[in-house]
Amino acid sequence: MNISSYPERELLKIASDFKKHLKDKFPAMRSSSTGMDQGFIYKFKALFYEVQAHPWEPETDSITYKYKLDLDTLTEQIMNFFLIFRFYLQKAFPYDSDLCETFGYVAMEKVKYNYPELRVFLEKTVNLINDKRLFLKVANCPDSTLEEIISLSNQINNLHEELLKYVQKKENRNRTYQNNMKELFRLMEIVHEAASKSLQDDPESLKHLTFPPKEYIH
């Protein structure tokens, strides 16, 4: 018997049925099972309720979507300032084409949908601003443009960190859910085997405490 043999929704329906009938038939089944200790019913119910209370969370949800939407909005805002920044960068360093291309609008366009790469790019840009601020000032680059780039870079960094933490927590919750489902299935197998051995003379109870044939799964 394998957990993948049953759709998750059907497996939880079967587990719910087991839970309802387990207590009444537990004494009879326990005598034929080494896996049913005194705390078995409590453990089974606690695990079932835990799985019900904390279901599997999809990779993309409304919170993740909101984070990404906010990040994209900040990225579009900062790109507007890069148009101004590149103009003054060229003005301050007219003979350094590599520098202007490395920190230009086009370079940022390439990384704007890859948040880790975008953060690296913005970190280098902020370092450049701090290092070359005097030259940019001589070229009449507005301080407000530079400060907006720095401010938006910090906002993008902070927001992306929040997204990463949220995703990590969700992955941890999903891992816990998966482990709980495996453990619940293991307990269900114990119930199924014990019922199969001890309830042959009680077909109605047997029906509620064993896995249904696969042809009845839908």
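A. Looking closely at the overall build of the protein. Scanning the protein for helices and strands turns up eight helices and zero strands. Secondary structure elements of the protein occur, N-terminal to C-terminal, as α-α-α-α-α-α-α-α. In terms of overall dimensions, the protein is more spread out than a globule: its C-alpha atoms have a radius of gyration of 30 Å, far above the 17 Å expected for 218 residues. Across its three principal axes, the protein shows a C-alpha extent of roughly 95 × 35 × 25 Å. Out of the 218 residues belonging to the protein, those deemed buried represent 40%. Taking the intrachain contacts of the protein between residues at least 6 apart in sequence as the baseline, contacts between residues at least 24 apart amount to 73%. If you sum the accessible surface of the protein, you get close to 13,200 Å²; carbon and sulfur atoms cover 53% of it. In the protein, 30 positive and 32 negative side-chain charges are present, and the distance between their average locations comes to 3 Å.

B. A nonpolar patch on the surface, seen in detail. Side chains of Leu-134, Phe-135 and Val-138 sit close together on the surface and give an oily, nonpolar patch of about 350 Å² of accessible area. Residue position: Leu-134 is located in helix 6 (residues 115–138). Among the residues examined, Leu-134 registers a relative accessible area of 62% and is labelled exposed.

C. Expanded view of unusual backbone geometry. Backbone geometry places Asn-140, a non-glycine residue, at a positive phi of 70°. We classify Asn-140 as exposed; its relative accessible area is 52%.

D. Structural context of the packing of aromatic side chains. All told, the structure shown has twelve aromatic pairs when counted by the stated rule. Residues Phe-26 and Phe-40 carry aromatic rings whose centres are separated by 6.4 Å and whose planes lie at 20° to one another, so their mutual orientation is stacked. Note that Phe-26 is positioned in helix 1 (residues 8–30) and Phe-40 in helix 2 (residues 40–53), a separation of 14 residues in sequence. You can call Phe-26 buried: its relative accessible area is 8%. Taken together, a centroid distance of 5.7 Å and an interplanar angle of 65° make the contact between Phe-48 and Tyr-49 edge-to-face. Judged by its relative accessible area of 4%, Phe-48 is buried.

E. Representation of the state of the cysteines within the structure. Under the defined criterion, the tally for this structure stands at zero disulfides. Of all cysteine sulfurs in the structure, the one in Cys-141 sits closest to Cys-100, which takes part in no disulfide; the separation is 12 Å. The class for Cys-100 is buried, based on a relative accessible area of 3%.

About the criteria used
- Residues numbered from 1 in each chain as written.
- Predicted model: local features only at pLDDT ≥ 70, side-chain atom pairs only at ≥ 80, totals over all residues.
- Heavy atoms only, no water.
- Helix = DSSP H or I, 4+ residues; strand = E, 2+ residues; numbered from the N terminus.
- Rg over C-alpha atoms; globule rule 2.2 N^0.38 Å.
- Buried < 20%, exposed > 50% of the residue type's maximum accessible area, 1.4 Å probe, protein only.
- Contact = heavy atoms within 4.5 Å.
- Areas by Shrake-Rupley, 256 points an atom, 1.4 Å probe, with all protein chains shown as cover.
- Lys, Arg positive; Asp, Glu negative; His and termini not counted.
- Charge placed at Lys NZ, Arg CZ, Asp CG, Glu CD.
- Patch = residues over 30% accessible without salt bridge, like charges linked within 9 Å, V, L, I, M, F, W, Y side chains within 5 Å.
- Salt bridge = Lys/Arg side-chain N within 4 Å of Asp/Glu carboxyl O.
- Phe/Tyr/Trp six-rings, centres within 6.5 Å; stacked < 30°, edge-to-face > 60°.
- Disulfide = S-S within 2.5 Å.

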